[in-house]
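Take a look at the letters that make up each chain.
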Amino acid sequence: MRETLDFLLDDWIGLGSLLQRPRFADHSPETFASVLDTCERIAREKYAPFNRLVDTEEPRFDGERVILPQATHEAWKAYAESGMLAAAQDYEIGGMQLPYTVEAAANAFFAKAAVSIGTGMLTTGNANLLMKHGTEAQKRVFALAEFGGRWSGTMCLSEPQAGSSLSDVATRAVPDGADFEADPLGPRYRLRGNKMWISAGEHELTENIIHLVLAKIPGPDGKGIPGTRGISLFIVPKKLVDAEGRLTGERNDVALAGLNHKCGWRGTTNTLLNFGEGKFRPGGEAGAVGFLVGQPGQGLRCMFHMMNEARIGVGLAATMLGYAGYEASLDYARNRPQGRPMTAAGKDAASPQVPIIEHADVKRMLLAQKAYAEGALALELYCARLVDELHTGEEASAHEAGLLLEVLTPVAKSWPSEWCLEANSLAIQVLGGYGYTRDFPVEQYWRDNRLNMIHEGTHGIQAIDLLGRKVVMDGGAGLKLLAMRIGATIERAGPAAGLAAPARQLATALQKVGAATQAAWSTGVPEEALANATPYLQAFGHMVLAWIWLDVALAAGEASEAQRQGKLSALRYFFAYELPKIDAWLAVVASREPVCREMQDGWF
Ligand SMILES: Cc1cc2nc3c(=O)[nH]c(=O)nc-3n(C[C@H](O)[C@H](O)[C@H](O)COP(=O)(O)OP(=O)(O)OC[C@H]3O[C@@H](n4cnc5c(N)ncnc54)[C@H](O)[C@@H]3O)c2cc1C
């Protein structure tokens, strides 16, 4: 995997070009490589050996405390000490001023080694949000303690009755006393409500936990503003702190109502949290103390600021689980003797068995995994590079990066979640019965990966976002720009040896996706277009991955001979077995097939 990662970073996306940017001027290829080396080592030593342990020793609550394996404490400590929580931050606040691309690539090692031990992605996301939208005091007190690893963070959006539909959030925030606006940590409120599915919502890895909570501030009539406009964002620390960030010794009114017991990803606690139920009484009264971030009603806007990176993070985690399964099943296939080759004269039962990697059907399953996992890794790195362009590029190119991210982010989140999960299923298949046991890691990879189509916006919601918003916004500007980028790759591939045919195939796919987009919207009726949003997402994603593979193949000459052959074979596989699938997906999109929409509850 490291060889592939280095090839993609150095020879494909040209990471070195970022060194010319003032923000990264103090870095060099060596400093980038040393960050990758350090993370690879910590992942190997502190994460990988404990992946099964954290799966079998689920977090448990003894009525007072949530207990996690000692290995999780040590992994968190090693990660925090590496400085990676503040990887992208300015030097002045103890950061490393690394490009996001390097941060994402370095974090990939941990996702592959033990995804659910986690690297504090939520903590970094939480603190980054405060750096963007918080007051100076909120940054100093909360964000800096999170970057240093002393405190950790959560994102509290979901509620039992409000998952995909966040406009139905019912948590309420009311001003806390007449002087509520005078608090040095920001306007002070009292929150009451229940938050469901909160990852890392309770544990003792850190001295304090900083919850970022979405809640509604009722108007004068006592009601919240309906819809997402009424949602505000609050910092709710588990333990109260003073204006200097010192613990006051008082517990905030945030109580663990229970732990969720999950299919996978068991190294991280997942919690139902009650805010303001009166279990603790800060200042002598019930109600969780929270400090407003940004303006009232702007809570979701602040959260969405984080979305590109959070979704690339989810896509990358899915990718690395796919990669882990691919490597495990490849290793197994090389060592498992079973069956004999089919020859013109039939099978020779007296001959020794061959390793299963010799069977074409097993190679099919391995090639599929390679095409999914390596292709997805390239896509995620491409998107990470766009994030750097957005933040540090010249105005015009930053604008273009922003447009491309709008259309590519739903794919970056969803495509690996679906297809690297399929890769994990194929890994189990390669191992046969052994794959279905806990003696091998592949079943855990599948269970861990199954989450990724659900959180950070479900598959269906991502699909509606893509077809309903992203490809039509600004008159389709994002889609047009993407088509230009794909067109440029097609043009370069045309004269390249062996790439003319896939280039033509991709050009046809691009044209079909464009035509289906138009046909879906030709009646202008959203429910007709969006009834087939998920097949659209699948087709769109496959077209994007075909483009990524063609573009990667153009750089394959820089790789070693075995790597080059491997990449060209994965490209051939993807264009022969995968890309043709888009015809079936696009057919229902273009015809606005109504069966799913028209099916009625009573007919099931
Ligand atoms: C392990 C785990 C960790 C999580 N971590 C966090 C966290 O840290 N913080 C946090 O806030 N949340 C977290 N979540 C919550 C997660 O984001 C939600 O589960 C997700 O948004 C879906 O909400 P839901 O579970 O209520 O499902 P629902 O919204 O009820 O969706 C159920 C199904 O209906 C479909 N559906 C819903 N609405 C529509 C629609 N309008 N059109 C078409 N289809 C629709 C969905 O696609 C889905 O298939 C986590 C969840 C899990 C499982």
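Before reading further, recall that the structure is shown in the block above.
Residues numbered from 1 in each chain as written. Predicted model: local features only at pLDDT ≥ 70, side-chain atom pairs only at ≥ 80, totals over all residues. Heavy atoms only, no water.

**Q** How should I be thinking about the pairing of strand β6 (residues 208–216) in this particular structure?
**A** Two faces belong to every sheet, and in a regular strand the side chains alternate between them. Counting buried residues along β6, 9 of its 9 residues qualify, which places the element largely inside the surrounding structure. Neither face of β6 is open: one carries Asn 208, Ile 210, Leu 212, Leu 214 and Lys 216, the other Ile 209, His 211, Val 213 and Ala 215, and all of them are buried. Taken together, the 6 bridges between strand β3 (residues 151–156) and β6 define a ladder with parallel strand orientation. Bridged to Thr 154 within β6 is His 211. Taken together, the 7 bridges between β6 and strand β7 (residues 231–237) define a ladder with antiparallel strand orientation. Looking at β7, one finds that Leu 214 is bridged to Leu 233. (Buried < 20%, exposed > 50% of the residue type's maximum accessible area, 1.4 Å probe, protein only. Helix = DSSP H or I, 4+ residues; strand = E, 2+ residues; numbered from the N terminus. Pairing = 2+ DSSP bridges.)

**Q** How should empty space enclosed by the protein be read in this particular structure?
**A** Here the idea is plain: a probe the size of a water molecule rolls over the atoms and shows the empty space left. Tallying each qualifying case throughout the model produces 1 cavity of 30 Å³ or more. Of the volumes computed, that of the largest cavity is approximately 40 Å³. As for the largest cavity, its lining consists of Glu 58, Pro 59, Leu 259, Asn 260, His 261, Lys 262, Thr 268, Thr 269 and Asn 270. Here the residues of the lining of the largest cavity are counted per class, giving 2 nonpolar, 5 polar and 2 charged. (1 Å grid on protein atoms, 1.4 Å probe; cavity = no way out; pocket = protein on both sides within 12 Å on 5 of 7 lines; lining within 4 Å. Points joined across faces, edges and corners; volume = space filled by probe spheres on them. Nonpolar A, V, L, I, M, F, W, Y, C, P; charged D, E, K, R; others polar.)

**Q** Sorry if this is basic, but what is going on with the environment of Leu 205 here?
**A** Locating Leu 205 in the fold gives a position in the loop between β5 (188–199) and β6. Each C-alpha atom, one on Leu 205 and one on Thr 72, is 8.1 Å from the other, the two residues being 133 residues apart in sequence. Beyond its immediate sequence surroundings of up to four residues, Leu 205 is in contact with Leu 68, Thr 72, His 73 and Trp 76. (Contact = heavy atoms within 4.5 Å.)

**Q** Any chance you could explain the pattern of salt bridges here in plain terms?
**A** A side chain with one charge can pair with a side chain of the opposite charge if their charged atoms come near. Under the criterion given, the structure shown has 38 salt bridges. Two residues, Glu 528 and Arg 592, come together in a salt bridge whose shortest N-O distance is 3.2 Å. With Glu 528 in helix α16 (residues 526–530) and Arg 592 in the loop between α19 (582–590) and α20 (595–598), this pair connects stretches of sequence that are 64 residues apart. Here the salt bridges share partners, and the residues they tie into one network are Arg 52, Asp 55, Arg 266, Glu 443 and Arg 447. (Salt bridge = Lys/Arg side-chain N within 4 Å of Asp/Glu carboxyl O.)

**Q** How should the packing of aromatic side chains be read in this particular structure?
**A** What describes a pair of aromatic rings is the distance from one ring centre to the other and the angle between the planes of the rings. Taken as a whole and judged by the stated rule, the model has 19 aromatic pairs. Taking the centre distance of 6.1 Å and the plane angle of 35° together, the rings of Trp 12 and Tyr 382 count as tilted. Of this pair, Trp 12 sits in helix α1 (residues 2–12) while Tyr 382 is found in helix α10 (residues 360–392), placing the two residues 370 residues apart along the sequence. You'll find Trp 12 and Tyr 382 in the same group, each marked buried. Summarising the aromatic geometry, the rings of Phe 142 and Phe 291 are spaced 6.4 Å apart at their centres and angled 35° between planes, so their arrangement reads as tilted. Placement of Phe 142 in helix α7 (residues 136–147) and of Phe 291 in strand β12 (residues 288–293) is noted, with a sequence separation of 149 residues between them. Note on Phe 142: relative accessible area 0%, which makes it buried. The exposure class assigned to Phe 291 is buried, which follows from its relative accessible area of 4%. The structure contains a cluster of three or more aromatic residues connected by ring pairs, namely Tyr 372, Trp 415, Trp 419, Phe 574 and Trp 585. The ring of Phe 280 carries the charged tip of Arg 251 above its face, separated from the ring centre by 4.3 Å. (Phe/Tyr/Trp six-rings, centres within 6.5 Å; stacked < 30°, edge-to-face > 60°. Lys NZ or Arg CZ within 6 Å of the ring centre and 35° of its normal.)

**Q** I tried to follow the site of the ligand on my own but got confused; where do I start?
**A** Around the ligand, the structure places 18 residues, and the nearest of them are Met 155, Ser 158, Ser 164, Trp 197 and Thr 458. The side chain of Ser 164 places a nitrogen or oxygen atom 2.6 Å from an oxygen atom of the ligand. A distance of 2.7 Å separates an oxygen atom of the ligand from a polar side-chain atom of Thr 458. Notes on the ligand: free accessible area 960 Å², of which the protein chains cover 61%. (Near = heavy atom within 4 Å. Polar contact = N/O pair within 3.5 Å; in protein donor to acceptor, adjacent residues only side chain to side chain. Areas by Shrake-Rupley, 256 points an atom, 1.4 Å probe, with all protein chains shown as cover.)

**Q** Explain helix α18 (residues 561–578) to me, please; I cannot follow it from the model alone.
**A** The α-helix advances 3.6 residues per turn, and as a result positions three or four apart in sequence lie on the same side. A rise of 1.5 Å per residue sets the reference length of α18, with its 18 residues, at 26 Å; its end C-alpha atoms lie 25 Å apart and thus fit the reference within 8%. On its buried side, α18 packs onto α1, α10, α11 (395–431), α15 (500–520), α17 (533–555) and α19. (Expected span 1.5 Å × (residues − 1).)

**Q** Sorry, what's going on with the environment of Arg 504 here?
**A** Along the chain, the position of Arg 504 falls in helix α15. The sequence separation of Arg 504 and Glu 491 amounts to 13 residues, and the corresponding C-alpha distance is 9.5 Å.

**Q** In this structure, what is going on with unusual backbone geometry? I would like to understand it.
**A** Excluding glycine, a negative phi dihedral is what most residues carry, and trans is how most peptide bonds are arranged. With a phi close to 50°, Gln 97 is a non-glycine residue in the positive phi region. Along the chain, the position of Gln 97 falls in the loop between α4 (70–81) and α5 (100–114). Residue Gln 97 is classed as buried on the basis of its relative accessible area of 9%. Here Asp 474, not a glycine, exhibits a phi torsion of approximately 50°, which is positive. Residue position: Asp 474 is located in helix α14 (residues 473–493).

**Q** Hey, could you run me through the side chain of Glu 380 in this one?
**A** Mapped onto the elements of the fold, Glu 380 is located in helix α10. When neighbours within four sequence positions are excluded, Glu 380 is seen to be in contact with Ile 312, Gly 315, Leu 316, Thr 319, Ala 412 and Pro 416.

**Q** Help me understand the packing of helix α9 (residues 307–335) against helix α12 (residues 442–449), please; the structure alone is not making it clear to me.
**A** Any two packed helices are characterised by the angle at which their axes cross and by the distance between the axes. Packing of α9 against α12 brings their axes to within 9 Å, and their N-to-C directions diverge by 165°. By the angle between their axes, α9 is roughly antiparallel relative to α12. When you trace α9 past α12, the crossing you get is left-handed. Contact residues: Ala 318, Leu 321, Gly 322, Ala 324, Gly 325 and Ala 328 in α9; Val 442, Tyr 445, Asp 448 and Asn 449 in α12. (Axes fitted to C-alpha atoms, helices over the stretch in contact; angles between N-to-C directions. Parallel < 35°, antiparallel > 145°, perpendicular 65-115°, else oblique. Left-handed = near helix turned anticlockwise from the far one by under 90°.)

**Q** Just checking my understanding: could you explain the side chain of Gln 138 for this structure?
**A** Here Gln 138 shows up in helix α7. In contact with Gln 138, not counting residues within four places along its chain, are Leu 130, Ala 143, Leu 185, Gly 186, Ile 235, Phe 291, Leu 292 and Val 293.

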